[in-house]
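# Observations on the three-dimensional arrangement
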Amino acid sequence: SKHDGKGKSENPNARTIEVLQQMADHYDRMHDHWRLIAYRRAISALQKQNSKVMTMIEAFEIPFIGERLAKKIEEIVWTNRLKRLDNANLEPNYEVFQNFLKIYGVGYAQAAKWIDLGYRTIDDLLERARLTKNQKIGLEHFDDFQTRIPRTEMDRHDQYVREMCSKIDGSIQLIIGGSYRRGAADSGDVDFIVTKPDCSLDIVRTVMLERVIPKLFKKGYLKVGLATTAREEGSKWHGAAALPGTTIWRRIDFLFVQCNELGAALIYFTGNDIFNRSLRLLASKKGMRLNQRGLYKDVIRDKHRERVTQGTLVEGKDEKRIFELLGVPWRPPHHRMC
Ligand code: DCP
Ligand code: MG
Ligand code: MN
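Below, the structure is looked at part by part. Just so it is clear, the structure is predicted and the values come from calculations on it, not from any experiment. (Residues numbered from 1 in each chain as written. Chains lettered and ligands numbered in written order. Predicted model: local features only at pLDDT ≥ 70, side-chain atom pairs only at ≥ 80, totals over all residues.)

Another aspect to go through is the overall build of the protein chain. Of regular secondary structure, the protein chain possesses 16 helices and 10 strands. Across its three principal directions, the C-alpha atoms of the protein chain cover 70 × 50 × 40 Å. In the protein chain, buried positions account for 30% of the 338 residues. Sequence separation of at least 24 residues holds for 53% of the intrachain contacts in the protein chain that already meet a minimum separation of 6. (Helix = DSSP H or I, 4+ residues; strand = E, 2+ residues; numbered from the N terminus. Buried ≥ 20, exposed ≤ 12 C-beta atoms within 10 Å, placed from the backbone. Contact = placed C-beta atoms within 7 Å.)

Structure (structure tokens):
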């Protein structure tokens, strides 16, 4: 414990504790009583740890540390800072920058370029910027795409797409992944995982791109396609949709999966992204590799941790088996961070 003669700097979690303490001080100033207590408890729990807590999974196993704090602890370890704290002392265009990053298909470089050109608002961009087709769609439907989708509407997307698929090919299987599969009350988009028993990726891809998606367009459900990966990279379609009788455009993703890779795809597409990162890191520490197609062993890395060999596939089909092989207790989707 912290009273056994070890100085603060010797605590393996000293830096994490320091950053969490700054957050606690912030909430103290804000008179946010409950968050203050949560941070104090987390700090004292961390002080009792004998080794450095590196990942969200490790942090979450400690009493008094919930999912959100576990996520923050991992962020501090990985980046040596907490984004939430940086936001407190705002860089002048920080908010503009964050806003631009929310536009579909807009990344760091594009957002920075627009700020350099003097654009500050969505209207500036719509009126003055030179836009690609996708940027234009992203901007025109900015508010739509920012509006969270209630779970009841997610269920209706599920039903609607399922019914259309079954009319074309009764063996197509659909699972909505992402935040919906994690049990969230609302979602940012609809993430469909699509597979067919005993079928290659190519067959799944073809039936979706040549039959299902055109039919969903014809019905007026799909509004626009935003991105389709090339055949070699295989596997996804991005677009927008609106249910009959509704006007808000929703972002929709289809991930095409060959059935013997369903388990790995489910893990990847269920997320969340930070949980995925922890699992991948864990795999790599064990000399394995996890991606959206499978878990591989005998992966050889050089001293810079660059992969020298791809490794051999150990499991792709069974989600639970992948957890087992990684040596992690099974986590149901709704415990993979919200
Ligand atoms: N994913 C990932 N890394 C990324 C992006 C996505 O691992 N950089 C995985 C994990 C996500 C899943 O894909 O959970 C779906 O991505 P979304 O962006 O749709 O995220 P969510 O569905 O989790 O959240 P939201 O409700 O905002 O859509
Ligand atoms: Mg999603
Ligand atoms: Mn998505």
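To continue, consider the nonpolar core. Among the nonpolar cores identified, the biggest contains 59 residues, and Leu20, Phe192, Ile193, Val194, Met208, Leu255 and Ala265 are the most heavily contacted of them. With 6 residues, helix α14 (residues 262-270) is the largest single contributor of residues to this core. Discounting chain neighbours no more than four positions away, the residues touching Ala265 are Ile193, Leu255, Val257 and Gln292. Phe100, Ile103, Trp114 and Leu125 belong to the second largest nonpolar core, which has 6 residues in total. (Core = buried A, V, L, I, M, F, W, Y, C linked by C-beta atoms within 7 Å.)

Turning our eyes to something else, we now look at the site of ligand 1. Taken together, Gly178, Ser179, Ser187, Gly188, Asp189, Asp191, Tyr268, Phe269, Gly271, Asn272, Asp273 and Asn276 are the residues near ligand 1. Elements supplying a minimum of two residues to the shell around ligand 1: α12 (178-181), α14 and α15 (273-285). For the shell around ligand 1, the per-class residue count stands at 2 nonpolar, 7 polar and 3 charged. (Near = placed C-beta within 6 Å. Nonpolar A, V, L, I, M, F, W, Y, C, P; charged D, E, K, R; others polar.)

Now for the sheet that holds strand β9 (residues 294-297). Judged by pairing direction, the sheet is antiparallel, and its 3 strands sit side by side in the order β8-β9-β10 without closing on themselves. At either end of the open sheet lies a strand with only one pairing partner, and these are β8 (289-291) and β10 (312-315). Strand after strand, the sheet turns through a mean of 35° between neighbouring axes, direction not considered. Here β8 pairs with β9 via 3 bridges, running antiparallel. Considered in β9, the bridge of Arg289 is made with Tyr296. Sheet contacts for α15: β8 and β9; angle to β8, the most-contacted strand, approximately 155°. (Pairing = 2+ DSSP bridges. Axes fitted to C-alpha atoms, helices over the stretch in contact; angles between N-to-C directions.)

Viewed as axis vectors pointing N to C, α14 and helix α16 (residues 319-326) meet at an angle of 80°, and their least axial separation amounts to 7 Å. One element, α14, and the other, α16, form an angle in the roughly perpendicular class. Contacts between α14 and α16 pair Gly263, Ala264, Leu266 and Ile267 from the former with Glu319, Arg321 and Ile322 from the latter. When grouped by side-chain class, the residues that make up the contact of α14 with α16 number 4 nonpolar, 1 polar and 2 charged. (Parallel < 35°, antiparallel > 145°, perpendicular 65-115°, else oblique.)

The turn linking β8 back onto β9 is made up of 2 residues. Alignment of β9 against β10, held across 3 bridges, turns out to be antiparallel. When the bridges of β10 are listed, Tyr296 appears paired with Leu313.

The next thing to look at is the sheet that holds strand β7 (residues 250-256). The pairing of strands in a sheet happens through backbone hydrogen bonds and is either parallel or antiparallel. If you trace the 5 strands from one edge of the open sheet to the other, you get β2-β4-β7-β6-β5, paired in mixed fashion. Whereas interior strands pair on both sides, the edge strands pair on one side only; in this sheet they are β2 (173-176) and β5 (222-228). Sheet twist, expressed as the average angle between the axes of neighbouring strands with direction ignored, equals 25°. Sheet contacts for helix α13 (residues 201-218): β4 (190-195), β5, β6 (236-241) and β7; angle to β7, the most-contacted strand, approximately 155°.

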